[in-house]
Amino acid sequence: MAVETSHPAPVWNDPSRPLATRVAALIEAMTLEEKTAQLYGVWVGASAQGDEVAPHQHDMEEAVDLEALMPTGLGQLTRPFGTAPVDPALGALSLQRTQARIVSANRFGVPALAHEECLAGFAAWGATAYPVPLSWGATFDPGAVRRMAAAIGRDMRSVGIHQGLAPVLDVVRDARWGRVEETIGEDPYLVATIGTAYVQGLESAGIIATLKHFVGYSASRAGRNLAPASIGPRERADVLLPPFEMAVREGGARAVMHAYNDNDGVPAAADRQLLTGLLRDTWGFDGTVVADYFGIAFLKTLHGVAADWADAAHTALTAGVDVELPSVKTFGEPLVQAVKDGRIPESLIDGALSRVLRQKAQLGMLDPDWDPVPAALRGTDPDDPEALRGKVDLDPPANRELARELAEKAVVLLSNHDGVLPLATPRRIALVGPNATEATAVLGCYSFPMHVGVQHPTVPVGIDLPTLHDALTAEFPDAAITVARGTGIDDGDLSGIEAAVDTARNADIVIAVLGDRAGLFGRGTSGEGCDTESLTLPGAQQQLLDALLDSGRPVVTVLLAGRPYALGRAVDESAAIVQSFFPGVEGTRAIAGVLSGRTNPSGRLPVSVPRSPGAQPTTYLGARLAQVSDVSNIDPTPAFGFGHGLSYTTFTWSDLTVRTQQASTGGEFTIAFTLRNSGERTGTEVVQLYLHDPTASVVQPVQRLVGYSRVSLAPGEARRIDITVPADVASFTGRDGHRIVEPGDLELRLASSSTTAHLTTTVTLTGPVRTVDGTRRFHATFAQQGRHEE
């Protein structure tokens, strides 16, 4: 009689074992080559026919032989969907087949982790393009951002993606920087709260959120991409680091991407104090640190702090970088050979590998029942690829509804002289400007059409993108709309301005649609590598705008842009100004709704709009010496300050009560006030709480945001709003480098913007100077009490 023998699963494949035990056992069983293979990615493109992926060739990397790499395993697959236009179902099949191949090719059956960009939606052909992060900031609505991120994460997960390279938590320090559109704003608390909400949404869908760029990238000199960053330790601690800390502690982010820049001569990828000392030892981060693309090689080629590829690998690993992206360069053969030669200790690799494998185990990728078939393809026939085409919808109605909500909440009404908006029943509209009929004017540089699609001009864009002309035609069906381009975005062409002015003179109202074209590395006026010397509107757009202002007709200026621009005469002479930061697929409908009054605008500026194009760098967070003064002829006062935004109704702020006038440096204050909608239509006010510290041991900004809340009220409705303000929000980095709360007076300002305070009170902190740490309270809390209507 035959006796059956059971073969127990290897320790690393046994989900009943402790995670650390499984990971340690797998590391012990691996060869050096198998270990290093888990620490890099390979840039691939999914097959348009559903076949296995093919390596993507980039001018910054050598050709990769994927077949030769597979037997030792593979850590990551870089952007299978975000490299070329591919039907989502066939892309998912291509990834599925590749994963099955990777699993069968390596001894331990470990699949690759697949990552994608998701800065303004899943960067895949046919996926919803949501508003850019600067518009997230304009919503002042973490809940809406959290729901959007969860939807993005579900779409990514459904086709086999594990990690998203977002959000960007860089705080704007100089609006000339091209990547301003990718940021959430110029205030660290706004960036922190909105960014943390995005992390929570993405992680809730099972996608690893990746915080970037850690840290200092946005503080580059003169706003130039990849320029050195001159950051003092206090600016870094109090302005640039808080969003990352909150996203780690409250958001649960599982990955961090190092920045490209150096700070005071130390590149972020080589900064052990930053990546290990602060991030891991102090904050307790236990996820992975991944390289920004080519960032480890840059230690040799751009920074000059590594002699060769092995030295670059050693430097990055020592600092705390775990994964080389986008493809293998330094963590491959140079690293293996350096370990064999005794130049690099194998323990460095084991440390990074333990974090990488722990993450894969958490994703179920070491379990014996791991299945390469993604949710979107379950129950389909993989042998009939063409039958799958069009079966996966990454732009469904639910996504569009979320995109619409975000876009509407992000539109900022900057000015509305004499109440020209909303437009009642305009008969003749002159629609003028380079973005009036440009479908892609609503998209940022990391949207798929602008990032990848532009390289494939014969391929359809893949999503419905109504132009503003389309949206206004639908919004005002009885109006005669005449279009004139006037000039291009940045061509400087003046030849069409006279015709545009003639069109304006024959209309009742002029809508001037200006702004940016998103692109990469100089191919746009906004986006990565598209920095600007001045915050003047690109090209001849200011000349066009000035000519329209001289036409004798009321001009409504509409901006579809990636950064704030100085608008010259238009600040005072335009009938109204509407600001939208690349609002995504539903953006033009959202703008049309604000122009018609169908939507009451509730967006608020996440960045100041400058009055002068050259008074940079500046943000509202300036200290006293950064304000206008008699000793400089440069006035940095903005045309419209951080947090500004108008509504079609009015609000009355009253009855401030200070329930706790004094508190210890470890205590809290409680205040309350009444907010009433004193207008004639339902609207939303964004209540902003600013803190002013008149006397401190180190120089402080004149004010800084410490809390905010959106409050929606019907006409005549009032709410009593209670606010609890912990002393911890007044903390700052003291002279000895520790975060402290000092005793003394503080001023709390309840405001509708950084330039418009409605109610102000002075409170006092008592007791000794108190040192605080990561357990401190980050938030002032808002509670809306009983409603009553008149």
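Keep in mind the model is a prediction, meaning the values are calculated, not measured.

**Student:** Is there a simple way to explain the overall build of the chain in this structure?
**Tutor:** Tallying secondary structure elements over the chain gives 22 helices and 28 strands in all. Computed over the C-alpha atoms, the radius of gyration of the chain is 27 Å, within 12% of the 28 Å expected from 2.2 N^0.38 for a compact globule of 790 residues. Counting only C-alpha atoms, the chain reaches 95 × 65 × 55 Å along its principal axes. Across the 790 residues of the chain, 62% fall into the buried class. The contacts in the chain between residues at least 6 apart in sequence include a share of 79% that link residues at least 24 apart. When the accessible surface of the chain is split by element, carbon and sulfur atoms take 50% of a total near 28000 Å². If the 64 positive side-chain charges of the chain are averaged to one point and the 92 negative ones to another, these points end up 3 Å apart.

**Student:** I tried to follow the packing of aromatic side chains on my own but got confused; where do I start?
**Tutor:** All told, the structure shown has 17 aromatic pairs when counted by the stated rule. With a centroid separation of 5.9 Å and an interplanar angle of 80°, the aromatic rings of Y217 and Y260 are classed as edge-to-face. A residue pair is termed long-range when its members are at least 10 positions apart, and Y217 in the loop between strand 6 (208-214) and helix 8 (233-240) and Y260 in the loop between strand 7 (255-258) and strand 8 (262-263) qualify at 43 residues. Judged by centre distance (6.0 Å) and plane angle (80°), the rings of Y620 and Y690 are edge-to-face. Within this pair, whereas Y620 is found in the loop between helix 22 (587-596) and strand 17 (651-658), its partner Y690 is found in strand 20 (residues 683-692), the two being separated by 70 residues in sequence. An identical accessibility class is assigned to Y620 and Y690; each is buried.

**Student:** Is there a simple way to explain the packing of helix 18 (residues 468-475) against helix 22 in this structure?
**Tutor:** How two helices pack is summed up by the angle between their axes together with the distance between the axes. Contact pair helix 18 / helix 22: the axes reach a minimum separation of 8 Å and the direction vectors enclose 45°. Classed by the angle they form, the pair helix 18 and helix 22 counts as oblique. The two elements helix 18 and helix 22 cross, and the hand of that crossing is right-handed. Across the interface between the two elements, L468, A471, L472 and E475 from helix 18 touch T588, R589, I591, A592, G593, L595 and S596 from helix 22. Considered class by class, the residues forming the contact of helix 18 with helix 22 number 6 nonpolar, 3 polar and 2 charged.

**Student:** What is the right way to look at the nonpolar core in this model?
**Tutor:** Within soluble globular proteins, side chains that are nonpolar tend to cluster in buried spots. By size, the foremost hydrophobic cluster in this structure holds 222 residues, and its most contacted members are F122, Y198, F214 and I511. The biggest single contributor to this core is helix 7 (residues 188-204), with 8 residues. Setting aside residues no more than four positions away along its own chain, F214 makes contact with L241, F244, V256, M257, H258, A259, A268, L274, L275, L278, L279 and W283. By size, the runner-up hydrophobic cluster in this structure holds 28 residues, among which are V687, L713, L746 and A780.

**Student:** Quick question: what am I supposed to make of helix 12 (residues 309-319) here?
**Tutor:** Along an α-helix, a turn takes 3.6 residues, which lines up residues three or four apart on a common side. Along helix 12, the residues that are buried comprise A310, A312, A313, T315, A316, L317 and A319. Residues of helix 12 that are buried sit in contact with helix 10 (272-282), helix 11 (298-301), helix 13 (333-340) and helix 14 (346-362). Its side-chain oxygen placed 3.3 Å from the backbone nitrogen of A310, D308 serves as the N-cap of helix 12. Looking one or two places after helix 12, you find G320, whose phi comes out positive at around 130°.

**Student:** So what exactly am I meant to see when it comes to the side chain of N106 here?
**Tutor:** Inspection of the secondary structure puts N106 in the loop between helix 4 (88-105) and strand 4 (113-116). Under the relative-accessibility criterion, N106 is labelled buried at 7%. A polar side-chain atom of N106 sits 2.7 Å from the main-chain carbonyl oxygen of I102. At 3.0 Å, the side chain of N106 and the backbone oxygen of V110 are in polar contact. Not counting chain neighbours up to four residues away, the residues in contact with N106 comprise M70, P71, T72 and G73.

**Student:** Looking at this model, I keep getting lost on the pairing of strand 16 (residues 576-581). Mind explaining?
**Tutor:** The side chains of a regular strand alternate between the sheet's two faces. Judged by how many residues are buried, strand 16 sits mostly within the fold: 6 of 6 residues are covered. Two elements, strand 11 (residues 412-416) and strand 16, share 4 bridges in a ladder whose sense is antiparallel. Each residue of the ladder has a partner; that of L413, found in strand 16, is V578.

**Student:** Can you walk me through the environment of T487 in this structure?
**Tutor:** Looking at the element boundaries, T487 is found in the loop between strand 13 (480-484) and helix 19 (497-505). As for T487 and P422, which are separated by 65 residues in sequence, their C-alpha atoms are 27 Å apart. When near neighbours in sequence (up to four residues on either side) are disregarded, T487 contacts P434, G492, D493, A540, Q541 and L544. Engagement of the side chain of T487 in a polar contact is seen with the side chain of D491, the distance being 3.4 Å. Within the local environment of T487, its side chain forms a polar contact with the backbone oxygen of D493, the two atoms lying 2.6 Å apart.

**Student:** Can you help me understand the sheet that holds strand 25 (residues 744-753) in this one?
**Tutor:** Strand pairs in the sheet, formed through backbone hydrogen bonds, run parallel or antiparallel to each other. On the basis of which strands lie adjacent, the open sheet formed by 5 strands has the order 18-26-25-20-21 and mixed pairing. Bordering the open sheet on either side are strand 18 (662-664) and strand 21 (704-713), each of which pairs with just one other strand. Each neighbouring strand pair of the sheet contributes to a mean axis angle of 30°, computed without reference to strand direction. Where strand 18 meets strand 26 (residues 756-766), 3 bridges bridge the pair, whose relative direction is parallel. Residue pairing for strand 26: A663 is matched across the bridge by L765.

**Student:** Teacher, can you tell me more about the pairing of strand 1 (residues 41-45) here?
**Tutor:** Of all 5 residues in strand 1, 5 are buried; the element is thus mostly enclosed. Neither face of strand 1 is exposed, since G41, W43 and G45 on one face and V42 and V44 on the opposite face are all buried. Judged from the 3 bridges that link them, strand 1 and strand 3 (residues 76-78) form a sheet pairing that is parallel. In the sheet register, W43 faces strand 3, and the bridge partner there is T78. Pairing geometry for strand 1 and strand 2 (residues 54-55), over 2 bridges, is antiparallel. Bridge pairing in strand 2 places G45 opposite A54.

**Student:** Even after reading the chapter, I still don't get unusual backbone geometry, so can you show me in this structure?
**Tutor:** Among all residues except glycine, the phi angle is most often negative; among peptide bonds, the trans geometry is most common. At the junction of F214 and V215, the peptide bond is cis and its omega measures out at -5° in the coordinates. Residue placement: V215 occurs in the loop between strand 6 and helix 8. Along the chain, Q616 connects to P617 via a cis peptide bond; the corresponding omega equals 0°. Located in the positive-phi region is D264, a residue other than glycine, with phi close to 55°. With respect to the helices and strands, the residue D264 is situated in the loop between strand 8 and strand 9 (266-267). At D418, a residue that is not glycine, the phi angle is positive and equals roughly 60°.

**Student:** Can you walk me through the side chain of N600 in this structure?
**Tutor:** Topologically, N600 is positioned in the loop between helix 22 and strand 17. In this structure the side chain of N600 is engaged in a polar contact, spanning 3.1 Å, whose partner is the side chain of S647. In this view, N600 contacts S647, Y648, T649, R681, T682 and G683; residues no more than four positions away in its chain are not counted.

**Student:** I'm lost on helix 4 in this one. Help?
**Tutor:** For helix 4, which comprises 18 residues, the first-to-last C-alpha distance of 25 Å matches the rise-based estimate of 26 Å (1.5 Å per residue) to within 8%. If you check which residues of helix 4 are buried, you get P88, A89, L90, G91, A92, L93, S94, L95, Q96, T98, Q99 and I102. Looking at the buried residues of helix 4, the elements they touch are strand 3, strand 4 and helix 15 (385-388). Of the residues that open helix 4, the one with a side-chain oxygen 3.0 Å from the backbone nitrogen of A89 is D87.

**Student:** What is the right way to look at the sheet that holds strand 14 (residues 509-515) in this model?
**Tutor:** Pairing within the open sheet is mixed, and its 6 strands lie in the order 11-16-15-14-12-13. In this open sheet, the two strands that pair with only one neighbour each are strand 11 and strand 13. Neighbour to neighbour, the strand axes of the sheet diverge by 15° on average, direction disregarded. Bridging between strand 15 (residues 555-561) and strand 16 involves 6 bridges; their strand directions are parallel. Each bridged residue has a counterpart across the sheet, and for L559 the counterpart in strand 16 is Q579. Docked against the sheet, helix 20 (residues 541-549) engages strand 12 (428-432), strand 14 and strand 15, running at close to 170° with respect to strand 14. Together, strand 14, strand 15 and strand 16 form the strand contacts of helix 22, whose direction differs from that of strand 15 by roughly 155°.

About the cut-offs
Residues numbered from 1 in each chain as written. Predicted model: local features only at pLDDT ≥ 70, side-chain atom pairs only at ≥ 80, totals over all residues. Heavy atoms only, no water. Helix = DSSP H or I, 4+ residues; strand = E, 2+ residues; numbered from the N terminus. Rg over C-alpha atoms; globule rule 2.2 N^0.38 Å. Buried < 20%, exposed > 50% of the residue type's maximum accessible area, 1.4 Å probe, protein only. Contact = heavy atoms within 4.5 Å. Areas by Shrake-Rupley, 256 points an atom, 1.4 Å probe, with all protein chains shown as cover. Lys, Arg positive; Asp, Glu negative; His and termini not counted. Charge placed at Lys NZ, Arg CZ, Asp CG, Glu CD. Phe/Tyr/Trp six-rings, centres within 6.5 Å; stacked < 30°, edge-to-face > 60°. Axes fitted to C-alpha atoms, helices over the stretch in contact; angles between N-to-C directions. Parallel < 35°, antiparallel > 145°, perpendicular 65-115°, else oblique. Left-handed = near helix turned anticlockwise from the far one by under 90°. Nonpolar A, V, L, I, M, F, W, Y, C, P; charged D, E, K, R; others polar. Core = buried A, V, L, I, M, F, W, Y, C linked by side-chain atoms within 4.5 Å. Polar contact = N/O pair within 3.5 Å; in protein donor to acceptor, adjacent residues only side chain to side chain. Pairing = 2+ DSSP bridges. Expected span 1.5 Å × (residues − 1).

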